[in-house]
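Descriptive analysis of the structure
What follows is the residue order along each chain.
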Amino acid sequence: MPAYRFEAATGAGRIERGIVDADSPKQARGVLRERGLTPIALAPVEDRTPGSGALVIGGRLRDAELAMATRQLASLLSAKLPLERALAAVIEQAERPVIRDRFAAVRSDVVGGQTLAASMAKFPRDFPDVYRALVAAGEQSGDLALVMSKLADYVESRTALTQRVKLAFTYPAIVTLVAAGVIVALLTYVVPQVVGVFAQTKQKLPLLTVILIEASAFLRSWGWLLAIALVAAVAGLRYLLRSPTLRMSWHARLLDAPLFGRLIRGVNTARFASTLAILTGSGVPLIRALEAGAQTLTNDALRANVADAVSRVREGSTLSRALAAGQQFPPMMIHMIASGEATGELSEMLDRTAKTLSSEVERRTLALTSLLEPILILVMGAIVLMIVLAVLLPIIEINQLVK
């Protein structure tokens, strides 16, 4: 049964928007009138072409929302509910219009005879390649509920790792922004008012005070230009990184960067190993699993390594040798994969590798943030101390002259 987006008015004049199932637009309007609503606009959820008149609900599914919807769908399918009813229940429990919109469109195609994976393929931004590959594997194996449960675990673990890394760096970022704001406020507002008193005394000021006065004057006169230059530099860097060659070189340098390089490599490798583990464990062919796993990598140098590995595996090479050829993945991962290939337990070894790498990423993140926090506090404290000393030194000299 097709689904339609609607915009309708209640008897009190309030506007409501949502999804309604009906065989035709005429029936959809009839259903809305039975609910006491006056239809204003109606459009099929499948119609997403600009200018088509569809009521496009903007936005995309967040990772947390996708994880929750996947878990709900897995639980409902495990309870032996038909796929159509399970999707309808997910739509009813959706908290945001975009979730209802996406799953209503998927349900409409499923009711029309398409597979769940094919229905989700219309929304590649919301349902990634890895996600659809696992759904297709579950449909082919006939145990979609089990695969959806594994998929829910995968999405949740991937989201949790990313959130833990982001949260670990949130506090240092906040400290840096607040301290920078305090320093700018001191230089542009407090310092000029205090220094104005020294100018009237016509005394020779200490070097530190002179430097502070010049810095304050520069920031007040040219601060806006400095801000524009900083924004332009960031925009220029992003523009240059659109070039595949420059982006590849930049990403390769990031992997070799001190401190952060190993963290970037660890996050990407853990995600890639976890993806391969669930794909190979669900019966997805290795080549297809590698191609889907490459989509989870955010670093082009690692992605190029996987692309080269795909070619080598097609030619008959083992996965461990194919990945080792690019020398981008950690040796521990290569040895674990080789052991899995030798024992026939590749998916189990990949899963163990992913968990080990995730734990290492968390430890490294905590160690790095534990190092950054006191360094930031010391640096900002030293800058504030210099500003205070630059203001106090002339006052101390005046007091000594008076005595």
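Below: a short report on this structure. The model shown is predicted, which means the values in this text are computed figures rather than measured ones. (Residues numbered from 1 in each chain as written. Predicted model: local features only at pLDDT ≥ 70, side-chain atom pairs only at ≥ 80, totals over all residues. Heavy atoms only, no water.)

What about the overall build of the protein?
Operational definition: Note on conventions: DSSP H or I runs of at least 4 residues are helices, E runs of at least 2 residues are strands, and numbering of each starts at the N terminus. We compute the radius of gyration over the C-alpha atoms and compare it with the globule rule, which gives 2.2 Å times the number of residues raised to the power 0.38. When a residue's accessible area, from a 1.4 Å probe over protein chains only, is under 20% of the maximum for its type it is buried; when over 50% it is exposed; and in between it is partly exposed. Between two residues, a contact is recorded if the distance between any of their heavy atoms is within 4.5 Å. Neither His nor the chain ends contribute to the count of charged residues, in which Lys and Arg are positive and Asp and Glu negative. Here the site of a charge means atom NZ of a Lys, CZ of an Arg, CG of an Asp or CD of a Glu.
Of the regular secondary structure elements, the protein holds 15 helices and three strands. Expected size for 403 residues packed as a compact globule is a radius of gyration near 22 Å; at 29 Å, the protein overshoots this value by more than 25%. For the protein, the spread of C-alpha atoms along the three principal axes comes to 95 × 70 × 40 Å. Within the protein, buried positions represent 40% of all 403 residues. Considering only contacts within the protein whose residues lie at least 6 apart along the sequence, 61% involve residues at least 24 apart. Computed over 44 positive and 34 negative side-chain charges, the inter-centroid distance for the protein is 6 Å.

With respect to the environment of F123
Turning to its location among the elements, F123 is positioned in the loop between α5 (116-120) and α6 (129-141). Separated by 209 residues in the primary sequence, F123 and M332 place their C-alpha atoms 36 Å from one another.

Concerning the pattern of salt bridges
The criterion, for reference: When a carboxyl oxygen of Asp or Glu is within 4 Å of a side-chain nitrogen of Lys or Arg, the pair counts as a salt bridge.
Per the stated rule, a full pass over the model turns up 17 salt bridges. In this structure, E65 engages R96 in a salt bridge whose closest nitrogen and oxygen atoms are separated by 2.7 Å. Taken together, the residues E65 in helix α2 (residues 63-78) and R96 in the loop between α3 (83-93) and α4 (97-111) connect sequence positions 31 residues apart. Using a relative accessible area of 14% as the deciding quantity, one classes E65 as buried. On the basis of relative accessible area, R96 is assigned to the partly exposed category, the value being 23%. A salt bridge links R364 to E360, with the nearest nitrogen and oxygen atoms 2.9 Å apart. Taken together, the positions of R364 and E360, both in helix α15 (residues 346-402) and four residues apart, correspond to about one turn of that helix. What makes R364 partly exposed here is its relative accessible area of 24%. Among the ionic contacts, a cluster of salt bridges with common partners joins R62, E65 and R96.

A short note on the side chain of R271
With respect to the element layout, R271 can be found in helix α10 (residues 260-281). Every residue in contact with R271, bar those within four places of it in the chain, is listed here: R158, T162, T296 and T298.

Topic: the environment of L37
Relative to the helices and strands, L37 resides in the loop between α1 (25-34) and β3 (38-44). Accessibility expressed as a relative area gives 9% for L37, which makes it buried. Taking the C-alpha atoms as reference, L37 lies 9.9 Å from A12; in sequence the two are 25 residues apart. With sequence-adjacent residues up to four places away left out, L37 is seen in contact with F6, A8, A9, T10, E16 and L32.

Structural notes on α4
Convention followed: By this rule the span expected of a helix is its residue count minus one, scaled by 1.5 Å.
Spanning 15 residues, α4 covers 21 Å between terminal C-alpha atoms, matching the ideal 21 Å at 1.5 Å per step. The element α4 is extensively covered by neighbouring structure, given that twelve of its 15 residues are classed as buried. For α4, the complete set of buried residues consists of V98, I99, D101, R102, F103, A104, A105, V106, R107, S108, D109 and V110. One or two residues past the end of α4 sits G113, with phi positive at roughly 110 degrees.

Notes on the packing of aromatic side chains
Let me state the cut-off plainly: Geometry of aromatic contacts follows a simple scheme: Phe, Tyr and Trp rings, the Trp one being its six-membered ring, pair when their centres are within 6.5 Å, and the pair is stacked under 30 degrees between planes, edge-to-face over 60, tilted otherwise.
Applying the stated criterion across every chain yields a total of four aromatic pairs. With a centroid separation of 5.6 Å and 90 degrees between ring planes, the pair formed by F103 and F127 is classed as edge-to-face. With F103 in helix α4 and F127 in the loop between α5 and α6, this residue pair connects regions lying 24 residues apart in the sequence. Classification of F103 by relative accessible area gives buried; the value is 1%. Note on F127: relative accessible area 0%, which makes it buried. Ring centres of F127 and Y131 lie 5.7 Å apart, and the angle between their planes is 45 degrees; this geometry places the pair in the tilted category. By way of ring pairs, the aromatic residues F103, F127 and Y131 are connected into one cluster.

That is the geometry; function is a separate question.
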